[in-house]
Amino acid sequence: MRMTAAVMYEQGLPAPFVDSRPFQIEIVDLDGPGEGEVLVQVSAAGLCHSDLSQVAGLRKRTLPVVGGHEGAGVVVEVGAGVSHLAIGDHVVMTSGAGCGHCDQCVRQRPNLCDSVGTSRVAGVLPSGTRRLSLNGKPLYHYSGISSFAQYAVVSTEALVKADPRVPLDIAAMFGCAVVTGAGAVFNGAKVRPGDSVAIIGLGGVGLNSVMAAKLSGAWPIIGIDLIDAKFPLATELGCTHTLQANDPNLVETVKDLTSGGVDFAFEVTAAKSAFKTAFDVTRKGGEVIGIGLGSYEDLHQYPHSMLVAHEKVIRGSVMGSGVAERDIPRYLRYFLEGRLPVDRLMSGTMGFDDLNANLDALDKGSVLRQILLPNS
Ligand SMILES: [Zn+2]
Ligand SMILES: [Zn+2]
């Protein structure tokens, strides 16, 4: 079939993206689903900070690639051997799922799957094949999803059936922003009632961590960011305190609020200064949870004697440290119950023509989650 898609030919193009145009809108070809694959009509796709990293080239990908790694849509065709999904099902597309068979997957850590990671970097589906092309030349799949398109052929492992009561433009955010931010709290840190937390970086992912911390009964929930304008919503969603990241007394203030530091500091930005702050505001015996990914080459610093003498733990959390097929339906239910008001994070919707301009808005921190509606 032929369809419209956002294609990236080159990484490393400079801002403003409205001028450099990292995404070119093209009419491309999409082959039907093979064994274990599903054709999804994409209803909505979220624009994520990782897309900015992709544009910047922090992690190299096989090019040219159709962008987008979170989304939601409706199943329109199923390939051979697909039994648990049917035409008409609503699905969330997530790059946090694994192959189901490798050593990490059988240990219930599909977010660390060995084989899916390899195919993701190669720009192919887990089967090793490609379904996308342009004028007979290959186009690659981004993270096995490529949701910046009207349709996507996706492996069933990357699809989670969604409660149809959840609007699809909201459901799209559960594929990356929600699982990453909320999962770091529920699965990575395993926050318990009464634990104190700090969240550094109050964007689309960080605010999911705020909501999950509230749901876990944490107190206080301290939100830290460079942009004061993010504080009112952060407070509405669960922050008991908000602090300016540049405040020279920041660390002392957190220590005063928490009798010596927080149990868990979530670092969402990947900035070196923010990581240092996260380490410094963590109490003796507490944990720093790194969620922001950054570049493969980035080296962060921490005072080593404090790691040892204060028994601090530094832990990474990718795609929510969980099992997408278990967690996403839970989080969707929390949303329907009003306990995870993810809809508050949606800044607006857009068509293909506004994709590059919205990369600029995300880069400036002036929006949380912009949702592409490829078929409207
Ligand atoms: Zn993402
Ligand atoms: Zn696996």
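Everything numeric in this text was worked out from a predicted model, so none of it was measured. (Residues numbered from 1 in each chain as written. Chains lettered and ligands numbered in written order. Predicted model: local features only at pLDDT ≥ 70, side-chain atom pairs only at ≥ 80, totals over all residues. Heavy atoms only, no water.)

Remarks on the pairing of strand β15 (residues 262-267)
(1) Moving on: Of all 6 residues in β15, 5 are buried, a share of seventy percent or more.
(2) Moving on: Here 4 bridges tie strand β12 (residues 197-200) to β15, and the two strands are oriented parallel to one another. Looking at the pairing, I200 lines up with E267 of β15.
(3) Moving on: The pairing of β15 with strand β16 (residues 282-290) spans 5 bridges and is classified as parallel. Considered in β16, the bridge of F264 is made with E287.
(4) Moving on: Crossover β15 to β16 through helix α10 (residues 272-281) is right-handed. (Buried < 20%, exposed > 50% of the residue type's maximum accessible area, 1.4 Å probe, protein only. Helix = DSSP H or I, 4+ residues; strand = E, 2+ residues; numbered from the N terminus. Pairing = 2+ DSSP bridges. Right-handed = clockwise from strand over helix to strand, strands pointing away.)

Brief notes about the environment of M350
(1) Moving on: Topologically, M350 is positioned in strand β18 (residues 346-350).
(2) Moving on: Take M350: its relative accessible area is 6%, and that puts it in the buried class.
(3) Moving on: Excluding anything up to four places from it in sequence, M350 contacts L47, L355, N358, Q370, I371, L372 and L373. (Contact = heavy atoms within 4.5 Å.)

Details of the coordination of the zinc ion (ligand 2)
(1) Moving on: Only C99 (SG), C102 (SG), C105 (SG) and C113 (SG) from the protein coordinate the zinc ion (ligand 2), and they sit 2.3 to 2.4 Å from it.
(2) Moving on: For the zinc ion (ligand 2), the 4 donor atoms in the first shell make angles of 104 to 115° at the metal, a pattern classed as tetrahedral. (Donors = N, O, S within 2.8 Å, 3.2 Å for Na, K, Ca; no water. Tetrahedral: all angles 85-135°; square planar, octahedral: opposite > 155°, others 65-115°.)

Re the environment of P303
(1) Moving on: Structurally, P303 is set in the loop between β16 and α11 (304-309).
(2) Moving on: P303 gets classed as partly exposed once you look at its relative accessible area, which sits at 27%.
(3) Moving on: For P303 and D280, which are 23 residues apart along the polypeptide, the C-alpha to C-alpha distance reads 9.0 Å.
(4) Moving on: In this structure P303 touches K276 and F279, once residues within four positions along its chain are discounted.

Brief notes about the nonpolar core
(1) Moving on: In this structure, F174, V197, L207, F266 and V342 are the most contacted members of the largest nonpolar core, which totals 57 residues.
(2) Moving on: Elements with a minimum of two residues in this core: β5 (70-78), α5 (168-171), α6 (177-189), β12, α7 (204-215), α8 (231-237), β15 and α12 (324-336).
(3) Moving on: The leading source of residues in this core is α6, at 7 residues.
(4) Moving on: The two domains that each donate at least three residues to this core are domain 1 (2-175 + 341-372) and domain 2 (180-318).
(5) Moving on: L207 has contacts with L202, L233, A234, L237, L345 and L368, leaving out every residue within four places of it along the chain.
(6) Moving on: Formed by 33 residues, the second largest nonpolar core is a distinct cluster that contains A6, V40, V91 and L359. (Core = buried A, V, L, I, M, F, W, Y, C linked by side-chain atoms within 4.5 Å. Domains from an automatic or database assignment.)

So, α12
(1) Moving on: Taking 1.5 Å per residue, 13 residues should reach 18 Å; α12 reaches 18 Å between its end C-alpha atoms and fits that length.
(2) Moving on: Among the residues of α12, those classed as buried are A324, D327, I328, Y331, L332, Y334 and F335. For α12, the buried positions fall inside an angular range of 155° around the axis, keeping them on one side.
(3) Moving on: Looking one or two places after α12, you find G338, whose phi comes out positive at around 80°. (Expected span 1.5 Å × (residues − 1). Arc of directions from axis to C-beta.)

Focus: the coordination of the zinc ion (ligand 1)
(1) Moving on: On the protein side, the zinc ion (ligand 1) has C48 (SG), H69 (NE2) and C176 (SG) as donor atoms, found 2.0 to 2.2 Å from it.
(2) Moving on: Sequence spacing of the donors to the zinc ion (ligand 1): C-x20-H-x106-C. One end of the pair, C48, is in the loop between β3 (37-47) and α2 (49-56); the other, H69, is in the loop between β4 (65-66) and β5, with 21 residues separating them in the sequence. The residues C48 and H69 share a single accessibility class, namely buried.

Quick word on the environment of E267
(1) Moving on: Relative to the helices and strands, E267 is located in strand β15.
(2) Moving on: As for E267 and D103, which are separated by 164 residues in sequence, their C-alpha atoms are 28 Å apart.
(3) Moving on: A polar atom in the side chain of E267 sits 2.8 Å from the backbone nitrogen of A270. (Polar contact = N/O pair within 3.5 Å; in protein donor to acceptor, adjacent residues only side chain to side chain.)

A word on the domain arrangement of the protein chain
(1) Moving on: Partitioning the protein chain into domains gives domain 1 (2-175 + 341-372) and domain 2 (180-318).
(2) Moving on: Between domain 1 and domain 2, the C-alpha centre-to-centre distance is 28 Å.
(3) Moving on: At the interface, 11 residues of domain 1 touch 16 residues of domain 2.
(4) Moving on: Together domain 1 and domain 2 conceal approximately 1200 Å² of surface at their shared face, both sides included; 65% is due to carbon and sulfur atoms.
(5) Moving on: One salt bridge connects R344 with E236, and the closest N-O pair in it is separated by 2.7 Å.
(6) Moving on: The interface formed by domain 1 and domain 2 contains 3 residue pairs in polar contact (both at pLDDT 80 or more). (Buried area = accessible area lost by both parts, 1.4 Å probe. Salt bridge = Lys/Arg side-chain N within 4 Å of Asp/Glu carboxyl O.)

Some details on α10
(1) Moving on: For α10, the tally of buried residues reaches 7 of 10 residues, placing the bulk of the element in the interior.
(2) Moving on: Of all the residues in α10, the buried ones are A274, F275, T277, A278, F279, D280 and V281.
(3) Moving on: Packing partners of the buried residues in α10 comprise β12, α9 (250-258), β15, β16, α11 and β17 (313-316).

Structural notes on the layout of surface pockets
(1) Moving on: The computed volume of the second largest pocket comes to approximately 300 Å³.
(2) Moving on: Lining the second largest pocket are 16 residues; nearest its centre among them are A97, G98, G100, E157 and E325.
(3) Moving on: Secondary-structure elements contributing two or more residues to the lining of the second largest pocket are β11 (159-161) and α12. (1 Å grid on protein atoms, 1.4 Å probe; cavity = no way out; pocket = protein on both sides within 12 Å on 5 of 7 lines; lining within 4 Å. Points joined across faces, edges and corners; volume = space filled by probe spheres on them.)

What about unusual backbone geometry?
With the exception of glycine, most residues fall at negative phi, and the peptide bonds are largely trans.
(1) Moving on: In this structure, the amide linkage connecting L63 to the following residue, P64, adopts the cis form with an omega of -10°.
(2) Moving on: Topologically, P64 is positioned in the loop between α2 and β4.
(3) Moving on: Going from W219 to P220, the amide bond is cis rather than trans, its omega being -10°.
(4) Moving on: On the secondary structure map, P220 appears in the loop between α7 and β13 (221-225).

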